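Structural features, examined
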Amino acid sequence: MSALRFLLLVLWPSSSFCNGSPVLTRVSPAASHSERMAAARILLDNSPLIDGHNDLPWNLRMFLHNKLHSFNFSADLQKEKPWRAQSFSQTDLPRLKKGKVAAQFWSIYVPCEAQYLNTVQLLLEQVDVIKRMIAAHQKETIMVTDTSGILREFHRGRLASLMGMEGGHALGSSMGVVRSLYDLGVRYITLTHKCHTPWAECADKTKDQPNSPGLTPYGKKLVLEMNRLGMMVDLSHSSSQTVLDVLSITRAPVIFSHSGVRKICPINRNVEDSILKQMPENGGVVLISFYNEFLTCSKYANITNVIEHINHVRNIAGVDHVGIGAGYDGINRTPIGLDDVSYYPELFTELLKDPSWSLQDLKKLAGVNLMRVMDKVQEIREDLMSESPGEDIIPIHDIDSRWPCRYKFASLEEDIA
Ligand SMILES: *[C@@H]1O[C@H](CO)[C@@H](O)[C@H](O)[C@H]1NC(C)=O
Ligand SMILES: *[C@@H]1O[C@H](CO)[C@@H](O)[C@H](O)[C@H]1NC(C)=O
């Protein structure tokens, strides 16, 4: 195809420009890979790509003990020690730029092994390391907390960084901790990781829990407090019962920050169709993980498998309820063709082969859906402004024997025992 014909395909009308960017029209599904790639890149110049989950901050802990003096996020980490030898390393600023990522949620991850120990300290240290990493690279990225920040930075060409906290076991079951995280700029909380909290059941160990406790009454109060605050509730890792319990009480749309579809890969960690069907009513979004084990239940996966999961969510929940939460840097096996954060345009290049994906729908997948959820959660925060902060304390019998090493307020514990 001649260059002129190609231009006519991607520019419309050829003299029309929006903010200096070419206006994209539909590229022919039969177009070559390089033509579709050019179109995918224009698409992501026009509408922001937002990824819901990246575990780089935990790697800063594991590989560098959070010492950033020798960490250069602007460098090609594929060439740098210790990153180049790590199968869990897929992220750096040059590759995020190449991948056309407009906004990234960085995960504040705390291991389940720390539950009932020093989780609150660990999570604060992860907030600190994220903030220091960003402060050291302000030309390229900056912390934002809402969609207006994402859009402002998108138009400036700087990566918008956001924070999500994984998971609820690190909160010490405390509403005060949830509120403090919001004040620090954290905008979602994953209710569980791979362990049950005293108030929510996780997916990964549901076999241990034949009675499927889901969310306890105190867990429900925590969710309502997150709604009041404008903290998004993330249900990746939660058991199906926990998800159903949240959906029955939440006043705001939920997210799944990095999940797959159970119909395709039947593991507890993936989302069931019955839950996908509830997404239109809730208004939430399922962000698809790129972890091979969640995609195919095997060590092998490729772009086609990711698209199968995306299309399944689109078919069951609708195109307004799907997005991307690759989980890079927390996974050690990635689909062929989506090896690291520089490869997102390949996904859109592949989707452009499918005429059932309109440009509008591809923008929704890239980030418009997640921004709609963020705006709605913010709007509900404003609606609930007159409500008083939750002051409930977890019932002592929900935690007592499991948390012996804590300060005990004698009279209070008698009151609530
Ligand atoms: C970080 O890496 C970039 C890109 O290689 C380089 O230009 C810059 O000088 C490095 N910064 C430091 C402090 O080494
Ligand atoms: C992905 O792998 C499957 C076989 O498992 C194959 O049919 C498909 O064409 C592959 N997709 C790509 C984009 O290579």
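Think of each chain on its own: its residues are numbered from 1, step by step along the sequence as written. Here the convention is simple: chains get letters from A, ligands get numbers from 1, in the order in which they are written. Only residues with pLDDT of at least 70 are given local features in this predicted model, and only at 80 or more are side-chain atom pairs given and counted; all residues enter the totals for whole chains, interfaces and linings. No hydrogens and no water enter the side-chain calculation; it runs on all heavy atoms of the structure.

1. Notes on the site of ligand 2
Working definition: residue near molecule or strand if any one of its non-hydrogen atoms lies within 4 Å of it. Taken together, Y300, N302 and T304 make up all the residues around ligand 2. Counting of polar contacts relies on pairs of N or O atoms within 3.5 Å, with two restrictions inside protein: one atom must be capable of donating a hydrogen and the other of accepting it, and residues adjacent in sequence are counted only when both atoms are side-chain atoms. Within the side chain of N302, an N or O atom sits 2.3 Å from an oxygen atom of ligand 2. Residue T304 places a side-chain N or O atom 2.6 Å away from a nitrogen atom belonging to ligand 2. Only the protein chains shown count as cover for residues, and the accessible areas themselves come from Shrake-Rupley with a 1.4 Å probe. For ligand 2, whose accessible area on its own is 360 Å², the fraction buried by protein is 36%.

2. Remarks on the nonpolar core
For our purposes a nonpolar core is just a set of buried Ala, Val, Leu, Ile, Met, Phe, Trp, Tyr and Cys residues, chained together by side-chain atoms within 4.5 Å. Relative accessibility under 20% of the residue-type maximum defines a buried residue, over 50% an exposed one, and the middle range a partly exposed one, all with a 1.4 Å probe and only protein chains included. If you look at the biggest cluster of nonpolar residues, it comprises 102 residues, and the most contacted ones within it are L181, F290, L347 and F348. In this entry, domain limits derive from an automatic or database-based domain assignment. Here this core spans two domains, since at least three of its residues come from each of domain 1 (1–45) and domain 2 (47–392). Grouped together as the second largest cluster of nonpolar side chains are 20 residues, I50, Y188, A252 and M371 included.

3. Things to note about the site of ligand 1
For ligand 1, the full set of nearby residues is N72, S74 and A75. Taking N72, its side chain carries an N or O atom lying 2.3 Å from an oxygen atom of ligand 1. Protein chains shield 24% of the accessible area of ligand 1, which is 360 Å² for the free molecule.

4. As for the environment of A40
Under the DSSP-based scheme used, a helix requires at least four consecutive residues in state H or I and a strand at least two consecutive residues in state E, with every element numbered from the N terminus. Structurally, A40 can be placed in helix α2 (residues 33–46). Residue classification places A40 among the buried positions, given a relative accessible area of 0%. Distance from A40 to K100, taken between C-alpha atoms, is 9.9 Å for residues 60 residues apart in sequence.

5. Describing the pattern of salt bridges
Basic side-chain nitrogens of Lys or Arg form a salt bridge, by our definition, when they fall within 4 Å of a carboxyl oxygen of Asp or Glu. Summed over the entire model, instances satisfying the criterion amount to 17 salt bridges. Here E153 ties to R158 by a salt bridge, and the two come within 2.7 Å at their closest N and O atoms. Looking at E153, the relative accessible area reads 1%, which means it is buried. Put simply, D320 and K364 hold a salt bridge, and the shortest N to O gap is 2.7 Å. Note that D320 is positioned in the loop between α13 (303–316) and β11 (322–324) and K364 in helix α15 (residues 359–383), a separation of 44 residues in sequence. Judged by its relative accessible area of 29%, D320 falls in the partly exposed class. Judged by its relative accessible area of 22%, K364 falls in the partly exposed class.

6. As for the environment of I108
Relative to the helices and strands, I108 is located in strand β4 (residues 103–109). On the basis of relative accessible area, I108 is assigned to the buried category, the value being 0%. With 49 residues separating them in the primary sequence, I108 and G157 have C-alpha atoms 25 Å apart. Any two residues having at least one pair of non-hydrogen atoms within 4.5 Å are treated as being in contact. Once residues lying within four places of it in the same chain are set aside, the contact partners of I108 are L123, Q126, V127, I130, M163, G164, M165, E166 and V186.

7. Notes on the side chain of T147
Within the secondary structure, T147 is located in helix α6 (residues 147–156). When residues no more than four places from it in sequence are discounted, the contact partners of T147 are M371, M374 and D375.

8. Some words on the packing of aromatic side chains
Any Phe, Tyr or Trp ring, taking Trp's six-membered ring, that has another such ring centre within 6.5 Å forms a pair; planes under 30 degrees apart are called stacked, those over 60 apart edge-to-face, and the others tilted. One pass over the structure, following the stated rule, counts 12 aromatic pairs. Look at Y116 and W403: their rings are 5.8 Å apart centre to centre, the planes differ by 55°, and that puts the pair in the tilted class. Taken as a pair, Y116 in the loop between β4 and α5 (119–135) and W403 in the loop between α15 and α16 (410–416) lie far apart in primary sequence, 287 residues in all. W403 carries the same exposure label as Y116, and that label is buried. Between the aromatic rings of Y328 and Y344, the centroid separation amounts to 5.8 Å while the plane-to-plane angle is 90°, which identifies the pairing as edge-to-face. Placement of Y328 in the loop between β11 and α14 (344–351) and of Y344 in helix α14 is noted, with a sequence separation of 16 residues between them. Like Y344, Y328 is buried. Ring pairing ties together the aromatic residues F63, F71, F73, W83 and W106, which thus form one cluster. Charge-over-ring contacts are defined here by two conditions on Lys NZ or Arg CZ: a distance within 6 Å of the ring centre and an angle within 35 degrees of the ring normal. In this arrangement the basic side chain of R187 is found over the ring face of Y182, its NZ or CZ atom lying 3.6 Å from the centre.

9. Describing the domain arrangement of the protein chain
For the protein chain, the assigned domains are domain 1 (1–45) and domain 2 (47–392). Placing a centre on the C-alpha atoms of domain 1 and another on those of domain 2 gives a separation of 31 Å. In short, buried area is how much 1.4 Å probe accessible area vanishes from two parts on joining, totalled over both. The contact between domain 1 and domain 2 buries some 1600 Å² in all, and 62% of this surface belongs to carbon and sulfur atoms. Of all residues in domain 1, R26, L43 and L44 bury the most surface against domain 2, accounting for 43% of the area lost on that side. Counting every contact that joins domain 1 to domain 2 gives seven residue pairs in polar contact (both at pLDDT 80 or more). Taken together, the residues that form the side of domain 1 that touches domain 2 break down as eight nonpolar, three polar and four charged. Three classes are used: nonpolar for Ala, Val, Leu, Ile, Met, Phe, Trp, Tyr, Cys and Pro, charged for Asp, Glu, Lys and Arg, and polar for all others, with Gly counted as polar.

10. Focus on the packing of α5 against helix α7 (residues 175–184)
Axis lines are fitted to C-alpha atoms, over the contacting stretch for helices. Their N-to-C directions set the angle, which ranges from 0 to 180 degrees. One can describe the packing of α5 onto α7 by two numbers: an axis separation of 12 Å at closest approach and a directional angle of 5°. The orientation of α5 with respect to α7, classified from their angle, is roughly parallel. Taken together, the residues of α7 that come into contact with α5 (itself represented by V120, L123, L124, V127 and K131) are V177, L181 and L184. By residue class, the composition of the contact of α5 with α7 is seven nonpolar, no polar and one charged. By definition in this entry, angles of less than 35 degrees are roughly parallel, angles greater than 145 are roughly antiparallel, angles of 65 to 115 are roughly perpendicular, and the rest are oblique.

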